[in-house]
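Coordinates in review
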Amino acid sequence: MKKYLFILGVCLLSLSISCKQQSAPNTYSIIPFPNSLVPEEGTFTFNKKTKIVYTSSLDSASQQVACAFGTLLDNTAGLKTECLVKDEKNEKNIVFFDLDTSIPNEGYSLDVTPSKIIIKAGSASGFYYAVQTLKQLLPVAVYGDVKPESAQKWEIPCVRINDAPRFSYRGMHLDVSRHFFSADEVKKYIDLLAMHKLNVFHWHLTDDQGWRIEIKKYPKLTEVGSVRKHTVVKKNFDEYDNTPYGGYYTQDEIRDIVNYAKERFITVIPEIDLPGHMVAALASYPSLGCTGGPYEVEGMWGVHPDVLCVGKESTYKFATDVLSEVMELFPSQYIHIGGDECPKDRWQKCPLCQARIKKLGLKTDKEHTAEERLQSDFITRIEKFVNENGRQIIGWDEILEGGAAPNATIMSWRGADGGIKAAKLRHNVIMTPNTYVYFDYYQSEDTQNEPLAIGSYIPLERVYDFEPVPDTLDNDSKKYILGAQANLWTEYIPDFNQVEYMLLPRLDALSEVQWTQPENKNWEGFLDRLHHNMQVYDLKGYNYGKHIFGINPEHKIVPEKHCIEVTLRTQGNAPIYYTLDGTVPTESSMKYSQPIELTQDTDLKAIVVRPGMKTSMIEKEYVFNKATARKITLNSAPNDRYTFKGAQTLVDGMTGDHNFATGRWIGFSPGDMDAVIDLGETSFISKVELGTLFQKDDWIFPSDRISVSVSTDGVKYNSVADTTLVLPEQSVKNGRMVQDIVFEPVNTRYIRIKANSVKSLPAWHGAKGKPGFLFVDEINIY
């Protein structure tokens, strides 16, 4: 992690600059952290004589920002401030808004002295972001709706800030198709984005499970397409709730939301996902599909084979008609047209699609199928139409398949590879990889005590560690990275209370990734500053994750001692108490002071004690066998996305659950697992067990062949078992499985275990013939 390079460091080294030096990092609790901050001595105090003053050169939008700040102080502090136009800034007890066109777009300077505050910016957005910074320096009560009952000291520490964002695109996405949120809830979402200095709201308005935008020319899109007759129950994919579910936004509501966002310097980018994810539209107008239906709005999540028929000219007319109305409602430069997860099954069998492929002379080659090139042709036509209307398209990284439309901006979600490829092709890129910024993923390893989520695991620190500009790009290609965005898909997020929980405080980490230069980021400093925003969330009644106040256990195997070393960490100096026998810890239990060394079966439970705050108890069960905490070597590398802590995961005594991305599993594909365990001394063994995962919807299968060979010197190995295994049938429930191999007892030191990943998924699987993943959590030797 890069260390603090912000200029605040000067305060810590020099007695000549002093503004409550001992607590300077906590005094300036600003998120995202400014790119230049110099503490100064003293404080500025707001009182009933404080005036808001702006220069006559400010435009009307900037004037509104200045006076709105005065109104905010009136409502929360009861100050009754005046808002005046005046070009003289030498007066005392003023907050002066001054135009400086030399400051970069969205940038600002903030100079707080005991006698006045001077804010400079070259644009209204710069003034707005300066005010957001000022609010974070004021008492938390400034975020309230009314004046607090208790007396507040309305002062801020003196400081000089020169700040501007790292990226021009700082986005956050919300899916309102899978679950619908009211116009007021969308505005609340926008308020949170504005507080964190984001400037783009990506609004995912259409999908298989519901059409959420009124289109005058096609009324059935909302009459039919906005309502599904039922919804799948949790992850029981053969069970439905039989309750109709729907909702949509009228065009008047959309105009109101767009204007609401504009007042907060946020651009709303609409997404009409096509040509896939269009079942709701097909249910409304069946002629848009290849088969003609019948179709119904989907109640099941996932990817569905019915898509727009791009062999029909009427489909293109439908798409351009819809986009015409969309562009009337949304003044954004960009229109998002989706382009992701579009199965080609129907096109392969559709005479009209095949006729268009033939007419265009599209061919299958080693890089792309003819059907992928057909999608590229459709997206290119859509782009041409959008460009002719003075706009640009954004598409998910799948639009690179078959060749990207010439002017398209690529939103890279399947890791960073799509963004890297697009940048090298000189396409603008927005980085939104599901490995770092998919906020529908779990925030905690303890998924059993979390609200149901789609899966995987992205804690706060992982978001903070995200670097949007890959170091594999050359300097010329790096300039095509416009910025970063996080996505919030809502299959398993049924209400806005859970939206808040999945968003906060990961939005805080995202904002610092988007705004703050990498050399000015610091994880420990971020956690200190986060306390302020959490106080704001408490004041506003937001539902947010408190995981950082709990215990973060870390595990390390120590083969030399044949032990597992457990470190327990928490934010700050709160005391941790623990037990090793499965009993519930109290303040009378052992107090944690140093790493714990485990050498036998242990049920570890621990609590952290924080006055006035209830935190969750953690529990970790460690089960020992002959392989546990022994030296392990992998001869084959796991998949890059699922390496986590690598080989040690397989001998750390802990098993995984249904979530394959918490770090309790490591995944192999397209290669196999090939591991060697050194027992440290010879010992008789007769059985090897592998903990594997079966998660058919994620293409995860247990091994179909396991072999075991042994050696006394680690050089020459003899085979003791080689077994072909039967794969689970479709009816078998997902879950953890134990695959065991039994053989005649043998006295040995080194054991080599090879477990094949499935190279061709079975005929009953939706991805039949394609390679699967092998996930292993533990190797046991007896």
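Bringing the overall build of the protein into the picture now. Counting secondary structure elements, the protein contains 18 helices and 35 strands. What you see for the protein is a C-alpha radius of gyration of 29 Å, in line with the 28 Å of a compact globule of 782 residues. Referenced to the eigenvectors of the C-alpha coordinate spread, the extents of the protein come out at roughly 95 × 75 × 50 Å. Sorting the 782 residues of the protein into buried and exposed places 59% on the buried side.

Now for the sheet that holds strand 18 (residues 392-396). The parallel closed barrel is built from eight strands, whose spatial order is 8-9-16-17-18-19-20-21. Strand-to-strand, the axes of this sheet are offset by a mean angle of 30°, without reference to chain direction. Pairing between strand 8 (residues 169-175) and strand 21 (residues 481-486): four bridges, direction parallel. Of the residues in strand 21, the one forming a bridge with Tyr-169 is Gly-483.

With that out of the way, let us pick up the pattern of salt bridges. Once their charged atoms are close, side chains differing in charge can pair, the charge on each being opposite to the other. In total, this model carries 41 salt bridges according to the counting rule given. Between Arg-166 and Glu-467 there is a salt bridge; the shortest N-O distance is 2.9 Å. With Arg-166 in the loop between strand 7 (155-163) and strand 8 and Glu-467 in the loop between helix 14 (460-464) and helix 15 (475-478), this residue pair connects regions lying 301 residues apart in the sequence. Taking relative accessible area as the criterion, Glu-467 reaches 35% and is therefore assigned partly exposed. We note a salt bridge from Lys-317 to Asp-321, for which the minimum N-O separation is 2.9 Å. Remark: Asp-321 and Lys-317 occur in helix 9 (residues 313-329); sequence separation between them is four residues, near one turn of the helix. Take Asp-321: its relative accessible area is 14%, and that puts it in the buried class.

Across the seven residues that make up strand 23 (residues 563-569), a large majority, six, are buried. Of the strand pairs in this sheet, strand 22 (residues 552-558) and strand 23 are connected by seven bridges, and their pairing is antiparallel. Bridging from a neighbouring strand, Glu-554 pairs with Thr-567 of strand 23. Counted between consecutive antiparallel strands, the loop separating strand 22 from strand 23 contains four residues, among which His-562 sits at a positive phi close to 55°. Pairing analysis gives three bridges linking strand 23 to strand 26 (residues 596-598), with the strands arranged antiparallel. Each bridged residue has a counterpart across the sheet, and for Glu-565 the counterpart in strand 26 is Glu-597.

Turning to the environment of Gln-448, a few remarks are in order. In this fold, Gln-448 is placed in the loop between strand 20 (429-431) and helix 14. Residues Gln-448 and Arg-705, 257 residues apart in the sequence, show an inter-C-alpha distance of 31 Å. Not counting residues up to four positions away in its chain, the partners in contact with Gln-448 are Asp-657 and His-658. Only 3.5 Å separates the side chain of Gln-448 from the side chain of Asp-657, close enough to count as a polar contact.

Looking now at the sheet that holds strand 23. In spatial order, the strands read 22-23-26; together these three strands make up an open sheet with antiparallel pairing. Each edge of the sheet is formed by a strand with only one pairing partner; in this case those strands are strand 22 and strand 26. On average, each strand axis in the sheet is tilted by 25° relative to the strand beside it, whichever way the strands run.

On to helix 7 (residues 251-262), then. In an α-helix, one turn spans 3.6 residues; hence positions three or four apart end up facing the same way. The end-to-end C-alpha separation of helix 7 is 16 Å, in line with the 16 Å expected for 12 residues at 1.5 Å each. Of the residues making up helix 7, those classed as buried are Gln-251, Ile-254, Ile-257, Val-258, Tyr-260 and Ala-261. On the buried face of helix 7, the contacting elements are helix 5 (183-195), strand 9 (200-204), strand 16 (267-274) and helix 9.

When the pLDDT values of the protein are averaged, the result is 93; 96% of them are 70 or greater. Low pLDDT, under 50, characterises residues 1-26; the stretch is placed with 53 contacts to residues that sit more than four places away or in other chains.

Now for the side chain of His-204. As for its position among the elements, His-204 is in strand 9. At 3.2 Å, the side chain of His-204 forms a polar contact with the backbone oxygen of Thr-206.

Counting residues in hydrophobic clusters, the biggest one holds 174 residues, and the most contacted among them are Phe-69, Phe-97, Met-172, Trp-203 and Trp-211. Counting 47 residues, the second-largest nonpolar core is a separate cluster that includes Ile-576, Ile-706, Ala-721 and Phe-743.

Right, let's get into the packing of helix 17 (residues 506-515) against helix 18 (residues 523-540). Viewed as axis vectors pointing N to C, helix 17 and helix 18 meet at an angle of 130°, and their least axial separation amounts to 10 Å. By the angle between their directions, the pair helix 17 and helix 18 is classed as oblique. Viewed along their axes, helix 17 and helix 18 form a crossing whose handedness is right-handed. For the pair helix 17 and helix 18, contact is made by Asp-508, Ala-509 and Glu-512 and by Phe-526, Arg-529, Leu-530, Asn-533 and Tyr-537, respectively. Of the residues in the contact of helix 17 with helix 18, the class split is four nonpolar, one polar and three charged.

Reading guide: rules and limits
- Residues numbered from 1 in each chain as written.
- Predicted model: local features only at pLDDT ≥ 70, side-chain atom pairs only at ≥ 80, totals over all residues.
- Heavy atoms only, no water.
- Helix = DSSP H or I, 4+ residues; strand = E, 2+ residues; numbered from the N terminus.
- Rg over C-alpha atoms; globule rule 2.2 N^0.38 Å.
- Buried < 20%, exposed > 50% of the residue type's maximum accessible area, 1.4 Å probe, protein only.
- Pairing = 2+ DSSP bridges.
- Axes fitted to C-alpha atoms, helices over the stretch in contact; angles between N-to-C directions.
- Salt bridge = Lys/Arg side-chain N within 4 Å of Asp/Glu carboxyl O.
- Contact = heavy atoms within 4.5 Å.
- Polar contact = N/O pair within 3.5 Å; in protein donor to acceptor, adjacent residues only side chain to side chain.
- Expected span 1.5 Å × (residues − 1).
- pLDDT = per-residue confidence, 0-100.
- Core = buried A, V, L, I, M, F, W, Y, C linked by side-chain atoms within 4.5 Å.
- Parallel < 35°, antiparallel > 145°, perpendicular 65-115°, else oblique.
- Left-handed = near helix turned anticlockwise from the far one by under 90°.
- Nonpolar A, V, L, I, M, F, W, Y, C, P; charged D, E, K, R; others polar.

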